[in-house]
Amino acid sequence: SGYLGQFVVAELARLPCASKLHVVALYCSQKLEVPPSIAAALGSFAATKTDITSRSDVAALLAAIDGAVDVVVHCAALTSIAACEQDPASAASTNCPAALLDAVGAARILYTSTDIVYGGEKAPYAESAPGAAEPLNEYGRTKLECERAIAARWAAGRFSILRCSNMLGPPSPFTPRRTKFVQ
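Bear in mind the structure is a predicted one, so any value in this text is a computation, not a measurement.

Visitor: What is the right way to look at the environment of Ile81 in this model?
Guide: Take Ile81: it is sitting in helix 4 (residues 81-86). Separated by 67 residues in sequence, Ile81 and Arg14 place their C-alpha atoms 34 Å apart. With residues up to four places along the chain from it excluded, the contact list for Ile81 reads Ile116, Asn137 and Tyr139.

Visitor: How do you make sense of the pairing of strand 2 (residues 44-49) when you look at a structure like this?
Guide: The side chains of a regular strand alternate between the sheet's two faces. Both strand 1 (residues 22-27) and strand 2 contribute to a ladder of six bridges, which runs parallel. In the strand pairing of strand 2, Val23 is matched with Phe45. In the classification by handedness, the crossover that spans strand 1, the intervening helix 2 (residues 36-41) and the parallel strand 2 is right-handed.

Visitor: Hey, could you run me through the pattern of salt bridges in this one?
Guide: One pass over the full model with this rule turns up five salt bridges. Measuring nitrogen to oxygen at the nearest pair gives 2.9 Å for the salt bridge that ties Arg55 to Asp102. With a gap of 47 residues between them, Arg55 in helix 3 (residues 55-64) and Asp102 in helix 6 (residues 98-103) connect regions that are remote in the sequence. For Arg55, a relative accessible area of 49% puts it in the partly exposed group. By relative accessible area, Asp102 is classed as partly exposed at 41%. Members of the salt-bridge network, linked through shared partners, are Arg55, Asp102 and Arg153.

Visitor: Explanation requested: the pairing of strand 4 (residues 108-114) in the structure shown.
Guide: Summarising burial for strand 4: five of the seven residues are buried, a large majority. Examined bridge by bridge, strand 4 and strand 5 (residues 159-164) share six bridges and lie parallel to one another. Looking at strand 5, one finds that Leu110 is bridged to Ser160.

Visitor: Got a minute to help me understand helix 5 (residues 88-95) in this structure?
Guide: Think of an α-helix as 3.6 residues a turn; residues three or four steps apart then line up on the same face. Within helix 5 the residues assigned to the buried category are Ala91, Thr94 and Asn95. Down the axis of helix 5, the buried set is contained in an arc of 85°. They therefore lie on one face. Looking at the buried positions of helix 5, the neighbouring elements they touch are strand 3 (71-74), helix 4, strand 4 and helix 7 (138-153).

Visitor: Help me understand the packing of helix 5 against helix 7 in this model?
Guide: Two numbers describe a pair of packed helices, the interaxial angle and the distance between the axes. Packing of helix 5 against helix 7 brings their axes to within 9 Å, and their N-to-C directions diverge by 35°. Our pair here, helix 5 against helix 7, has a crossing hand that is right-handed. Residues Pro88, Ala91, Ala92 and Asn95 of helix 5 form the contact with helix 7, whose participating residues are Glu138, Tyr139, Thr142, Lys143 and Cys146. Classifying every residue of the contact of helix 5 with helix 7 by side-chain character gives five nonpolar, two polar and two charged.

Visitor: Explain the packing of aromatic side chains to me, please; I cannot follow it from the model alone.
Guide: One pair of aromatic rings is described through two measures. These are the centre distance and the angle between the planes. Applying the stated rule across the entire model yields one aromatic pair. Seen in terms of ring centroids, Tyr3 and Phe7 are 5.1 Å apart; in terms of plane orientation they differ by 75°. Their pairing is edge-to-face. Here Tyr3 pairs with Phe7, and both are found in helix 1 (residues 3-14), just four residues apart, close to one helical turn. Tyr3 sits in the buried class, given a relative accessible area of 13%.

Visitor: Explain the side chain of Glu138 here, please?
Guide: Considering the arrangement of structural elements, one finds Glu138 in helix 7. For Glu138, a relative accessible area of 17% puts it in the buried group. Beyond its immediate stretch of four places on either side in the chain, Glu138 contacts Cys84, Glu85, Pro88 and Ala91.

Visitor: Would you mind showing me how to read the sheet that holds strand 4 here?
Guide: Reading across the sheet, the three strands line up as 3-4-5 and stay open at both edges, with parallel pairing between neighbours. The open sheet has two free edges, formed respectively by strand 3 and strand 5, since each of these has just one partner strand. Averaged over all pairs of adjacent strands, the angle between their axes in this sheet comes to 15°, without regard to strand direction. Sitting on the sheet, helix 7 touches strand 4 and strand 5, and the angle it makes with strand 4 is about 155°.

Definitions and cut-offs
- Residues numbered from 1 in each chain as written.
- Predicted model: local features only at pLDDT ≥ 70, side-chain atom pairs only at ≥ 80, totals over all residues.
- Heavy atoms only, no water.
- Helix = DSSP H or I, 4+ residues; strand = E, 2+ residues; numbered from the N terminus.
- Contact = heavy atoms within 4.5 Å.
- Pairing = 2+ DSSP bridges.
- Right-handed = clockwise from strand over helix to strand, strands pointing away.
- Salt bridge = Lys/Arg side-chain N within 4 Å of Asp/Glu carboxyl O.
- Buried < 20%, exposed > 50% of the residue type's maximum accessible area, 1.4 Å probe, protein only.
- Arc of directions from axis to C-beta.
- Axes fitted to C-alpha atoms, helices over the stretch in contact; angles between N-to-C directions.
- Left-handed = near helix turned anticlockwise from the far one by under 90°.
- Nonpolar A, V, L, I, M, F, W, Y, C, P; charged D, E, K, R; others polar.
- Phe/Tyr/Trp six-rings, centres within 6.5 Å; stacked < 30°, edge-to-face > 60°.

Following this line, the structure appears as structure tokens:
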């Protein structure tokens, strides 16, 4: 339920089928507070504190929702390149959370990755070109690791990977108190 996750929830609420959607937004530290109009547009909405790196937290979450997960939109990440370099284990477990991926194996998954998997030396990039993905830092390596893990576990058509570049945009839709020159 970070910056990107807030936009995902807002857009889900705008879909014609929104009243049939049961959305569970996960957060680690700051609870997502959605406007009542957004929550009312959805079939149901819950913001749940869950450590996606913890098998017990993920199991408790799935038990609470009867394990019925159709789609996972995975927006969580440890995005600080410095933090990833200082603590590669934390970067790996957050950016490629085996606990979550193992638990929701039957669901479709949309994984948000990064263009940092490319490394910046051989632009323009063709995804199919040998050696196209050569990350230069731990953040890029952990995101590429997760892309590969997802591609190995999910059948074609059951997953999508979006390689986003510099997440810039308007202020967060549900947390206007976050005011930064560049969001």
